[in-house]
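Fold and contact review
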Amino acid sequence: MEKGKFADYAIREGNVKWNDSIKRQKELYDREDELRSPFYRDYNHIFNCMAFRRLKHKTQVFFATHNDHICTRMEHVNHVMSISYDISSYLGLNTDLTLAIAIGHDIGHAPFGHAGETILRNLAEKYLEDNFWHEKNGLRFADKYETLQDPYGNEENLNLTYAVRDGIISHCGEIKERSLKPRDNVIDLYSITKPNEYSPFTWEGCVVKISDKIAFIGRDIEDAIMLKVLSKRNIIELYKIIENDINIKISDINNTVIIHNFLIDLCRHSDPLNGLRFSEKYLILIDHLKKFCYSYI
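This write-up is about the structure you can find in this document. (Residues numbered from 1 in each chain as written. Predicted model: local features only at pLDDT ≥ 70, side-chain atom pairs only at ≥ 80, totals over all residues. Heavy atoms only, no water.)

**A closer look at the overall build of the chain**
Along its length, the chain carries twelve helices and two strands. Secondary structure of the chain in N-to-C order comes out as α-α-α-α-α-α-α-β-β-α-α-α-α-α. Since a compact globule built from 297 residues should have a radius of gyration of about 19 Å, the 19 Å found for the chain is in line with a globular shape. The proportion of buried residues among the 297 residues of the chain is 52%. (Helix = DSSP H or I, 4+ residues; strand = E, 2+ residues; numbered from the N terminus. Rg over C-alpha atoms; globule rule 2.2 N^0.38 Å. Buried < 20%, exposed > 50% of the residue type's maximum accessible area, 1.4 Å probe, protein only.)

Put into structure tokens, the structure is as follows:
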């Protein structure tokens, strides 16, 4: 594998997208002794906001208040941060940007997981003639509702950079494309009308989008096994799918192995010309796992 093959496309000074990527809705206070990059400042803003703190009480897939070992929305966000950091670091992209997008990608998620989102969507369509989707709600939270105190004690909105705001609203993990590439143009993010309408503006945003899917494939299946949602027969069927598609022995299959193999496959087969992509056998595996898991989870 070739390390750093996306380095020329990382959102850093000198990149043609740099100035657009670091734009904020209004000027942000500055310090003479500021140590952080613009994107790491965004990371800190999201980390300290109330919307991020509330994720610890929100469901990822399974609602299990009496089991501390079941993944919450906050833990899922940490998985996405870890996976996207590994990928962006190896490919030579801006890890500060991927961390900022990843930590903020689900701040607009509803309680009770995807079922809660479906209920809110139905209510919004019925009573408000509007559409609820958590990616857009996350952007709304960051721009309009969440506040932090500045050094002078003033309550201000998060005022994130364009690249991070774009990554939040563009992160939908239901990737249908054979490969994923960023779009070229800056758009009004509030003109986006549905999930997955546009690719992210940056390669870093694309990495978070695909990391969201990898995190689901690894961690949520582990919870299904722990909670015995999957019977022994189901688990054997699941493991045979994995074994047949990527030639891993059933005895060697666990969460670490699954995620590691997805990371290696993505980094090996991705390049700036063809985009972020998995090999054909991993695309087949993703389809099989989704169909299998959605039947039970």
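**Topic: the packing of helix α5 (residues 95-104) against helix α9 (residues 203-226)**
Where α5 meets α9, the closest approach of the two axes is 9 Å, and the angle between their N-to-C directions is 45°. Put simply, α5 runs oblique to α9. Relative to α9, α5 is oriented so that their crossing is right-handed. Of the residues in α9, those in contact with Leu97, Thr98, Ile101 and Ala102 of α5 are Glu204, Gly205, Val207 and Val208. Grouping the constituent residues of the contact of α5 with α9 by class yields five nonpolar, two polar and one charged. (Axes fitted to C-alpha atoms, helices over the stretch in contact; angles between N-to-C directions. Parallel < 35°, antiparallel > 145°, perpendicular 65-115°, else oblique. Left-handed = near helix turned anticlockwise from the far one by under 90°. Contact = heavy atoms within 4.5 Å. Nonpolar A, V, L, I, M, F, W, Y, C, P; charged D, E, K, R; others polar.)

**Considerations on the nonpolar core**
Here is a general trend for soluble globular proteins: nonpolar side chains tend to be buried in one another's company. By size, the foremost hydrophobic cluster in this structure holds 64 residues, and its most contacted members are Ile87, Val164, Ile214, Phe262, Leu276 and Phe278. Top element by residues in this core is α9. It accounts for eleven residues. Beyond its immediate sequence surroundings of up to four residues, Phe262 is in contact with Ile214, Ile217, Phe278, Tyr282, Leu285 and Ile286. (Core = buried A, V, L, I, M, F, W, Y, C linked by side-chain atoms within 4.5 Å.)

**Here we look at the packing of aromatic side chains**
By the definition in use, this model includes nine aromatic pairs. Geometrically, the ring pair formed by Phe262 and Phe278 is edge-to-face, given 5.5 Å between the ring centres and 85° between the ring planes. Of the two residues, Phe262 sits in helix α11 (residues 255-269) while Phe278 sits in the loop between α11 and α12 (280-296), which places them 16 residues apart along the sequence. For Phe278, a relative accessible area of 8% translates into the label buried. Ring centres of Phe262 and Tyr282 lie 5.1 Å apart, and the angle between their planes is 80°; on these two criteria the pair is classed as edge-to-face. Remark: Tyr282 occurs in helix α12 and Phe262 occurs in helix α11; sequence separation between them is 20 residues. Side by side, Phe262 and Tyr282 carry an identical accessibility label, which is buried. Members of the aromatic cluster, each reached through a chain of ring pairs, are Tyr40, Tyr43, Phe47 and Phe52. In this structure, Arg41 is placed above the aromatic ring of Tyr29, and the distance from its NZ or CZ to the ring centre is 5.1 Å. (Phe/Tyr/Trp six-rings, centres within 6.5 Å; stacked < 30°, edge-to-face > 60°. Lys NZ or Arg CZ within 6 Å of the ring centre and 35° of its normal.)

**Here we look at helix α7 (residues 134-145)**
With twelve residues, α7 ought to run about 16 Å at 1.5 Å a step, yet its terminal C-alpha atoms sit only 14 Å apart, falling short of that. With respect to burial, α7 is a largely interior element, nine of its twelve residues being buried. What α7 keeps buried is the set His134, Glu135, Lys136, Asn137, Gly138, Leu139, Phe141, Ala142 and Asp143. Among the structural elements, α3 (50-53), α6 (113-128), β2 (155-157) and α8 (162-169) are those in contact with the buried residues of α7. (Expected span 1.5 Å × (residues − 1).)

By themselves these figures say nothing about function.
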